[in-house]
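As a plain string of letters, each chain reads:
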Amino acid sequence: MTALELRDVNLETSLSPTIAGASALRRFIAAVVLAGVAAGITGWACAHLLHVMEHLVWSFSEGHLLTALYTIPWWRRILTLGAAGLVGGVSWWLLHRTGPGPVPMRQAAAGERMPVLRTIWHAVTQIIVIAMGASLGREVAPREVGAAVSGWISDRLGLDAEDRRILVACGAGAGLAAVYGIPLSGIMFALEALLATFSARSLASALAVSGIAVFVSYGWSRPQEAFYKLPELEPSLALVVWALVCGPLIGLAGAVFGAAVKRIERSRPTSASLLWSLPLGLTLVGTVSVWVPWVLGNGHPTTQTTIDQVTQVGPAALGLIALMLLAKAGATLLTIRAGAWGGTLNPGIALGACVGALTGLVWSLIWPGFPVVACVFIGAAAFLGASISAPLTGFALVLELTHSGATVLVPTVLAIAGATAAAIWWRNRPTH
């Protein structure tokens, strides 16, 4: 071989890794864009399917389910929830009978494959059952489909295992972002709850995928109307002291609820017993709604009613809020134990709002003039973060769903710090 030929061989060998790296980067960028578009379409489809089904089932034309709960006859709530249990029971029984069940999100982010068509089947069932009044959140459905499609895209484009893991997590977060129009929450969920890293590649990917998804789902602006309507939140020394004292208590409550959800999820039926357990469980939830109608749906009725109670009624609302807290927690856990699948983010926000309101109302008796409505906001963020072991995600979700919080950042951060510390202590405590 001549010296010239040897030089050409050496040059080609040295350039091969560079060429391969450039090709891999181009494929990864293409996958990021496609995953964002897919998650945006998924979020839009889930949100619209939910709204269409809610309006069809509950016969209201505007607003949220809360507007219909005051006019729907009590017997119709029971029958509708029973029908939801029948629909969900049959669908999930067939899903489990004909193949593998749903892949948990953390396992998908770790590399386990999610069958796309079966995941869509599972997600559509969730949306329909929740639209019919089940006490669960709608956010799991778009997260699962976003993750499944992102994994499929990764496989088609030949991404390596680490890039595939990043894209699946970002697709899940983007599904959450797209269904509510909350890009920051989608980013935090992907990085904090699934990837547990804030590396440059992960961060850039999460920003891009969630941003594209929300743009596809909502256009160039976020939803103009907040999901939860809060009055102006006022900071004060009393609020800071309350946050320091009650933050750990709220965190403990959130950790206990999160542990209860995980324990019940492990014993959720998947066999033919679904055909009777889910209709029976949801019929019981419908029966509870005869006296506490706010337990129905994803948590919005409970949270918004709590906000309205503390702003309009004051300390006299203690009894009703306590009742809603117990009923919503019981209805959510019963729904899962009976065999339903769905999210606990909005139910967690609802429970945290109730805990925050109750502690705030008691505090207002000690410290007159105390701004109790801010406790609803802070309690929701602290409780949710503690229940899902992702305090930044919980904080971002409540910020974006309320379009509020900038005026009470200091007490909010202090309460979340105390709640996170208490939740970590609870999970790591000796159990013998």
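Definitions and limits used
- Residues numbered from 1 in each chain as written.
- Predicted model: local features only at pLDDT ≥ 70, side-chain atom pairs only at ≥ 80, totals over all residues.
- Heavy atoms only, no water.
- UniProt positions renumbered as here; feature names shortened; annotations may be inferred.
- Helix = DSSP H or I, 4+ residues; strand = E, 2+ residues; numbered from the N terminus.
- Rg over C-alpha atoms; globule rule 2.2 N^0.38 Å.
- Buried < 20%, exposed > 50% of the residue type's maximum accessible area, 1.4 Å probe, protein only.
- Contact = heavy atoms within 4.5 Å.
- Areas by Shrake-Rupley, 256 points an atom, 1.4 Å probe, with all protein chains shown as cover.
- Lys, Arg positive; Asp, Glu negative; His and termini not counted.
- Charge placed at Lys NZ, Arg CZ, Asp CG, Glu CD.
- Phe/Tyr/Trp six-rings, centres within 6.5 Å; stacked < 30°, edge-to-face > 60°.
- Lys NZ or Arg CZ within 6 Å of the ring centre and 35° of its normal.
- Core = buried A, V, L, I, M, F, W, Y, C linked by side-chain atoms within 4.5 Å.
- Patch = residues over 30% accessible without salt bridge, like charges linked within 9 Å, V, L, I, M, F, W, Y side chains within 5 Å.
- Salt bridge = Lys/Arg side-chain N within 4 Å of Asp/Glu carboxyl O.
- 1 Å grid on protein atoms, 1.4 Å probe; cavity = no way out; pocket = protein on both sides within 12 Å on 5 of 7 lines; lining within 4 Å.
- Points joined across faces, edges and corners; volume = space filled by probe spheres on them.
- Nonpolar A, V, L, I, M, F, W, Y, C, P; charged D, E, K, R; others polar.

- As named in an unreviewed UniProt entry, the protein chain is Chloride channel protein, taken from Arachnia rubra.
- UniProt lists a comment for the protein chain under the heading Subcellular location (unreviewed entry), and it reads "Membrane".

Some remarks on the overall build of the protein chain
Part 1 of the argument: Of the regular secondary structure elements, the protein chain holds 17 helices and 0 strands.
Part 2 of the argument: At 23 Å, the protein chain has a C-alpha radius of gyration in line with the 22 Å of a compact globule built from 432 residues.
Part 3 of the argument: The dimensions of the protein chain, computed from C-alpha atoms along their principal axes, are 95 × 55 × 50 Å.
Part 4 of the argument: Buried residues in the protein chain amount to 56% of all 432 residues.
Part 5 of the argument: A sequence separation of at least 24 residues applies to 80% of the contacts in the protein chain between residues at least 6 apart.
Part 6 of the argument: As displayed, the protein chain offers around 17900 Å² of accessible surface, 69% of which is attributable to carbon and sulfur atoms.
Part 7 of the argument: The distance from the centre of the 25 positive side-chain charges to the centre of the 19 negative ones in the protein chain is 10 Å.

Overview of the packing of aromatic side chains
Part 1 of the argument: Scanning all chains against the criterion turns up 4 aromatic pairs.
Part 2 of the argument: Here the aromatic rings of Tyr 180 and Phe 227 are separated by 5.4 Å at their centres, their planes lie at 70°, and the arrangement is edge-to-face. Of this pair, Tyr 180 sits in helix α7 (residues 161-180) while Phe 227 sits in the loop between α9 (200-218) and α10 (237-266), placing them 47 residues apart in sequence. The pair formed by Tyr 180 and Phe 227 is uniform in burial state, with each residue classed as buried.
Part 3 of the argument: Feature note: the residues Tyr 180, Phe 227 and Tyr 228 constitute an aromatic cluster, connected by ring pairs.
Part 4 of the argument: Lying over the aromatic face of Phe 28, Arg 201 brings its terminal NZ or CZ to 4.3 Å of the ring centre.
Part 5 of the argument: It is Arg 429 that lies over the ring of Trp 426; its NZ or CZ is 3.5 Å from the centre.

Some words on the nonpolar core
Part 1 of the argument: Grouped together as the largest cluster of nonpolar side chains are 133 residues, with contacts concentrated most on Trp 58, Trp 242 and Ile 321.
Part 2 of the argument: Apart from residues no more than four positions distant in its own chain, Ile 321 is found in contact with Thr 306, Gln 309, Val 310, Cys 354, Ala 357, Leu 358 and Leu 361.

Quick notes on a nonpolar patch on the surface
Part 1 of the argument: On the surface, Leu 25, Ile 29, Val 33, Val 37, Ile 41, Phe 215, Val 216 and Trp 220 cluster together into a nonpolar patch covering about 810 Å² of accessible area.
Part 2 of the argument: Elements with a minimum of two residues in the nonpolar patch: α1 (3-58) and α9.
Part 3 of the argument: A per-element tally of the nonpolar patch places α1 first, with 5 residues.
Part 4 of the argument: Structurally, the position occupied by Trp 220 is in the loop between α9 and α10.
Part 5 of the argument: On the accessibility criterion, Trp 220 (80% relative accessible area) is exposed.

So, the layout of surface pockets
Part 1 of the argument: Computed from the structure, the largest pocket encloses a volume of approximately 810 Å³.
Part 2 of the argument: If you go around the largest pocket, you meet 26 residues; those closest to its centre are Met 105, Arg 106, Arg 143, Lys 262 and Glu 265.
Part 3 of the argument: Counting only elements with at least two residues in the lining of the largest pocket, the list comes to α4 (105-109), α6 (140-156), α8 (183-195) and α10.
Part 4 of the argument: A per-class count over the lining of the largest pocket returns 13 nonpolar, 5 polar and 8 charged.

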